[in-house]
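What the coordinates show
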Amino acid sequence: IPFPNEINEILTKFEFDNINLNCILSNSDLKIINSDILLNDNSLFSMAGDVNLKNIEEAILDIDFQNVKIKQIEEILKFIDQTDYLNFFEIIDFDEIKGSAILNLKKRSTVINGLELIKNENITSNLSGEIFNNKFKGLVNSEKIDLSKIDKNFFKTDRIKGFVNVDLEIPDWISPS
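The structure reproduced in this document is the subject of the present report. Think of each chain on its own: its residues are numbered from 1, step by step along the sequence as written. For a predicted model such as this one, the threshold for reporting local features is a pLDDT of at least 70, and the threshold for listing and counting side-chain atom pairs is 80 or more; totals across whole chains, interfaces and linings nevertheless cover every residue. Hydrogen atoms and water are omitted, and side-chain values are computed over all heavy atoms in the structure.

1. A closer look at the overall build of the protein
Inclusion rule: Note on conventions: DSSP H or I runs of at least 4 residues are helices, E runs of at least 2 residues are strands, and numbering of each starts at the N terminus. Just to be clear, the radius of gyration here is over C-alpha atoms, and the globule rule we use is 2.2 Å times residues to the power 0.38. Contacts are residue-level and defined by heavy atoms, with any inter-residue pair within 4.5 Å sufficient. Accessibility throughout is a Shrake-Rupley quantity obtained with a 1.4 Å probe, and a residue counts as covered only by protein chains that appear here. Positive: Lys, Arg. Negative: Asp, Glu. His and the chain ends are not part of the count. Charge coordinates come from a single atom per side chain, which is NZ of Lys, CZ of Arg, CG of Asp or CD of Glu.
Looking only at helices and strands, the protein has four helices and nine strands in total. If you list the helices and strands of the protein from N to C, you get α-β-β-β-β-α-α-β-β-β-β-α-β. At 17 Å, the protein has a C-alpha radius of gyration in line with the 16 Å of a compact globule built from 177 residues. Its C-alpha atoms give the protein principal-axis dimensions of roughly 60 × 35 × 25 Å. The long-range fraction of contacts in the protein, counting pairs at least 24 apart against all pairs at least 6 apart in sequence, stands at 43%. Total accessible area on the protein stands at roughly 10,600 Å², and carbon and sulfur atoms take up 50% of it. Seen as two clouds, the 19 positive and the 30 negative side-chain charges of the protein have centres 5 Å apart.

The structure is reproduced here in structure tokens:
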């Protein structure tokens, strides 16, 4: 079975120190029992799930994040074709992300089981919910959002200054664009 280009692509985006992989391969089905990927900046991805190596788009992965940097999140969002969410990450001041998500590439959905955005060891935001068809519903709690970044990224002006705390419940699907 050839190694899927998609997996090759994502692995080359990250500089990792080591990968511990416990899995079972049966024909073209890869059952990941546990996988710890330690990156050279002390970021850690832990994964479990099922991957069809002949059709990676049928993968279902449970991923835990520890000390993951924004650049790595950008690469993941590009990989799962969710780049519209990058503008939202740019308005929140944080250094790293911690939490977990379930990626279902077949259904093109992501369940966010609680992501913490952290700045100087303090949690600045919490996110939980679901992304489906490039739309989000869930809960967002964020402290000290820079209004000037919202103004520049979304309104393309330079008129608003200041900070705001946000506590949102989004019960229905909204689009990031």
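2. Points about the packing of aromatic side chains
So the rule is basically this: In summary, the pairing rule links any two rings of Phe, Tyr or Trp, Trp by its six-membered ring, whose centres are within 6.5 Å, and it sorts them by plane angle into stacked for under 30 degrees, edge-to-face for over 60 and tilted for everything else. The cut-offs for exposure are 20% and 50% of the maximum accessible area for each residue type, with area from a 1.4 Å probe on protein chains only; residues under the lower value are buried, those over the upper are exposed, and the others partly exposed. Lysine and arginine charges are scored as sitting over a ring when NZ or CZ, respectively, is within 6 Å of the ring centre and within 35 degrees of the ring normal.
For the structure on display, the rule yields two aromatic pairs. With centroids separated by 6.0 Å and ring planes inclined at 50 degrees, the aromatic side chains of Phe-132 and Trp-173 adopt a geometry described as tilted. Highlighted residues: Phe-132 in strand β7 (residues 122-132) and Trp-173 in strand β9 (residues 163-174), separated in sequence by 41 residues. Judged by relative accessible area, Trp-173 falls into the partly exposed class, the value being 35%. Sitting over the ring of Phe-163, Lys-144 keeps its end group 5.2 Å from the ring centre.

3. Some words on unusual backbone geometry
The phi angle at Glu-121 is positive, at roughly 65 degrees, despite the residue not being glycine. Its place among the elements puts Glu-121 in the loop between β6 (109-119) and β7. Of note, Lys-156 is a non-glycine position whose phi angle comes to about 60 degrees, a positive value. Here Lys-156 is to be found in the loop between α4 (147-155) and β9. You can call Lys-156 exposed: its relative accessible area is 64%.

4. Here we look at α4
Turning to α4, its buried residues are Ser-148, Asp-151 and Asn-153. Against α3 (86-90) and β8 (135-146) lie the buried residues of α4. Lys-156, located one to two residues past α4, shows a positive phi value of around 60 degrees.

Everything listed is a geometric property; what it means functionally is a separate question.
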